[in-house]
Amino acid sequence: MINGFLNVNKPDGLTSFDVIAKIRKTFGIKKIGHLGTLDPAGTGVLPLAIGKATKFFDYFIEKTKVYRAIFVFGKETDTLDSMGVLTKSDDKIISEEQVKEALEKFKGEINQVPPMYSAKKINGKRAYDLARQNKDIQLNECKVIVHKFDLIKEIGTNKFLFEIECSSGTYIRSLCRDLARELDSVGYMPLIIRVKSGMFEISDSLDLNTILEKDKLDELVVPIDKLLKFDAINLNEEEYKKVRNGLTIQCNKQDAKYFLYNNSKLFALGNICDKKLKMEIFLDD
């Protein structure tokens, strides 16, 4: 079984699930999941966990993300991106100076309402499914953190390129919509690239077609203990058997989480509390 992480450079037009489905089908993988979705129109870093690596999802939930995005003011679509239909427009011309001034209100901890066409759930149903059915939906405000929101340059009339570093759960389309409103206009996001997601960077990502052309995934997948950094403990046979069977053993190391090895092979993530070591996540095949 393959256990590890795969940094995919997601192409435009595919959902995150589409990417997973293609890799699952090509390589016959049963356990695979993404560590943070990207909209169909979004490209860039889509980290995938494969096999036992899926058990580490919680270690990636709160990781920050970095995006490059283009905002266009004076037009708005129902999806707030290039995949929707035009719903609003105005003839206001926005200057670079106006954008820079307005940006300051969207830095730090802010409240934002997710887009109508989003994966947010309302009574168990995805918001985008309800929106496509023309249902009247109300999405609640969410607190998010925008660490950085920089104007890179103006690339055309009412067309601007930004770099945004933000907390997980931040909708860049919502930032576009709300920034446009602050400028007394409307806006949509025709392009977005995720350049970083936690420890995954676009410079290390792999093109989806390149991945699918491989005979095996082994050489492309980053092993769990190469990406996540925990100190290691190598257990002898007696200790290994006890820990593997769910027993606690004495261990004279400081309280923390450790990768556990037997004969130099990773078999678990363990936790030491009050000098007692217990297995937390079993990783052996």
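Above this note sits the structure.
Note that the structure is a prediction, hence the values are computed from the model and not measured.

**With respect to the nonpolar core**
Part 1 of the argument: Grouped together as the largest cluster of nonpolar side chains are 27 residues, with contacts concentrated most on Phe71, Phe149, Phe162, Ile164, Ile172 and Leu179.
Part 2 of the argument: Elements with a contribution of two residues or more to this core: strand S4 (65-73), helix H2 (96-103), strand S10 (142-156), strand S11 (159-166), helix H4 (172-182) and strand S12 (187-197).
Part 3 of the argument: What Phe162 contacts, discounting residues up to four positions off in sequence, is Tyr67, Arg68, Ala69, Phe71, Val99, Leu103, Phe149, Asp150, Leu151, Ile152 and Leu179.

**Structural notes on unusual backbone geometry**
Part 1 of the argument: Non-glycine residue Asp184 carries a positive phi angle of around 60°.
Part 2 of the argument: Structurally, Asp184 can be placed in the loop between H4 and S12.
Part 3 of the argument: Although it is not a glycine, Ser264 adopts a positive phi angle of roughly 65°.
Part 4 of the argument: Mapping Ser264 onto the fold places it in the loop between strand S17 (256-262) and strand S18 (265-273).
Part 5 of the argument: Judged by its relative accessible area of 65%, Ser264 falls in the exposed class.

**Regarding the pairing of strand S1 (residues 4-10)**
Part 1 of the argument: Of all seven residues in S1, six are buried, a share of seventy percent or more.
Part 2 of the argument: Across seven bridges, S1 lies against strand S3 (residues 43-50) in antiparallel orientation. Counted as the bridge partner of Asn7 is Pro47 from S3.
Part 3 of the argument: With two bridges joining them, S1 and strand S14 (residues 206-207) adopt parallel strand pairing. Within the sheet, the bridge partner assigned to Val8 lies in S14 and is Leu206.

Procedures and definitions
Residues numbered from 1 in each chain as written. Predicted model: local features only at pLDDT ≥ 70, side-chain atom pairs only at ≥ 80, totals over all residues. Heavy atoms only, no water. Core = buried A, V, L, I, M, F, W, Y, C linked by side-chain atoms within 4.5 Å. Buried < 20%, exposed > 50% of the residue type's maximum accessible area, 1.4 Å probe, protein only. Helix = DSSP H or I, 4+ residues; strand = E, 2+ residues; numbered from the N terminus. Contact = heavy atoms within 4.5 Å. Pairing = 2+ DSSP bridges.

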